[in-house]
Amino acid sequence: MNIKHFILVSCTLMVMASCSEKSDVVEEFHDWKNKNEKYFEAAYLANDYDFKLKKYSLREELTPKSTDYILVEKLSDSEVYDDQRPFLNDTVQIHYVGTLIPSTTYTTGLEFDKSYQNPFNFENAVPRTFAVNSVVSGFGTALLNMHRGEHWLVTIPYQLGYGSVANGSIPAYSTLIFEIRLEDFWSKKKGDRH
């Protein structure tokens, strides 16, 4: 057997071997855009939430689509009885946990961020502090409608989240599901809105 024939046979065998091997690689977020669109549309139509809120920045003359809304389930009401809510330029202190919809490995959804270590244990945790206008518009829409002490479960379509761009462990086209509790808020300096 000459060298050319040997190389040809060897390459053919390698190609055949590589084609016959099964790939054990799991594609975690296969068809992710389509899955997220279907998930949110089904949730929107199911009415399994307390109310929906239109994106705060949507112009009044535009007809809203389902993806211009966030879906809200109230987990608990505020124990503070005032009518104040944060403004867009306010600073908030909140507890939260953020997850994605279920995927191949994460059957209850990948938890991508949270402000506390133990589930539902806000009491011993330090809330996170940031400006309302520094978050994605769906999260901001929720915060602008909450009162101190309210605890919500919020579902945000990817169009009001990170859209077609990945952000850290969050893939592009991800519906965001947040459990949020608004602890406090203020404008220029803490205490000027109390």
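Worth saying up front: this structure is predicted, and the values here are computed from it rather than measured. (Residues numbered from 1 in each chain as written. Predicted model: local features only at pLDDT ≥ 70, side-chain atom pairs only at ≥ 80, totals over all residues. Heavy atoms only, no water.)

On to the overall build of the protein chain, then. For the protein chain, the count of helices and strands is three helices and seven strands. Taken from N to C terminus, the helices and strands of the protein chain fall in the order α-α-β-β-β-β-β-α-β-β. Contacts in the protein chain between residues far apart in sequence, at least 24 positions, make up 70% of those at least 6 positions apart. Carbon together with sulfur atoms contributes 54% to the accessible area of the protein chain, which is approximately 11,700 Å² in total. (Helix = DSSP H or I, 4+ residues; strand = E, 2+ residues; numbered from the N terminus. Contact = heavy atoms within 4.5 Å. Areas by Shrake-Rupley, 256 points an atom, 1.4 Å probe, with all protein chains shown as cover.)

As a further point, take the pairing of strand β3 (residues 91–99). The element β3 is largely enclosed, with a buried count of nine among its nine residues. Here β3 shows a buried face lined by Thr91, Gln93, His95, Val97 and Thr99 and a second buried face lined by Val92, Ile94, Tyr96 and Gly98. With four bridges joining them, β3 and strand β5 (residues 128–131) adopt antiparallel strand pairing. Its bridge partner lying in β5, threonine 91 is registered against alanine 131. Pairing of β3 with strand β7 (residues 176–186) involves nine bridges; the strand directions are antiparallel. Bridge assignment links glycine 98 to a residue of β7, and that residue is phenylalanine 178. (Buried < 20%, exposed > 50% of the residue type's maximum accessible area, 1.4 Å probe, protein only. Pairing = 2+ DSSP bridges.)

Applying the stated criterion to the full structure yields ten aromatic pairs. Ring centres of phenylalanine 29 and tryptophan 32 lie 4.7 Å apart, and the angle between their planes is 65 degrees; on these two criteria the pair is classed as edge-to-face. A relative accessible area of 23% places phenylalanine 29 in the partly exposed class. Exposure remark for tryptophan 32: the relative accessible area of 5% places this residue in the buried category. Each residue in the set Tyr96, Phe112, Phe130, Phe139 and Phe178 is aromatic and connected to the rest through ring pairs, giving one cluster. A cation over a ring is seen here: lysine 52 above tyrosine 69, with NZ or CZ 5.1 Å from the ring centre. Its guanidinium or amino end placed over the ring of phenylalanine 185, arginine 148 lies 4.0 Å from that ring's centre, counting from NZ or CZ. (Phe/Tyr/Trp six-rings, centres within 6.5 Å; stacked < 30°, edge-to-face > 60°. Lys NZ or Arg CZ within 6 Å of the ring centre and 35° of its normal.)

As a further point, take the pairing of strand β2 (residues 69–76). The sheet contact formed by strand β1 (residues 51–54) and β2 spans four bridges and is antiparallel. Within β2, the position partnered with lysine 54 by the bridge is tyrosine 69.

The next thing to look at is helix α3 (residues 137–144). For α3, a buried count of eight out of eight residues is recorded, marking the element as mostly surrounded by other parts of the structure. Within α3, the full set of buried residues consists of Ser137, Gly138, Phe139, Gly140, Thr141, Ala142, Leu143 and Leu144. Packing partners of the buried residues in α3 comprise β1, β2, β3, β5, β6 (151–156) and β7.

Mapping phenylalanine 130 onto the fold places it in strand β5. Along the primary structure phenylalanine 130 and aspartate 90 are separated by 40 residues, whereas in three dimensions their C-alpha atoms are 8.6 Å apart. Among all residues touching phenylalanine 130, those that are not within four sequence positions of it are Asp90, Thr91, Val92, Ile94, Tyr96, Val135, Phe139 and Leu143.

With a phi close to 55 degrees, aspartate 31 is a non-glycine residue in the positive phi region. With respect to the secondary-structure elements, aspartate 31 resides in the loop between α1 (3–20) and α2 (32–46). The phi dihedral of tyrosine 173 falls on the positive side, at around 65 degrees, and the residue is not glycine. Mapped onto the elements, tyrosine 173 comes out in the loop between β6 and β7. We classify tyrosine 173 as partly exposed; its relative accessible area is 26%.

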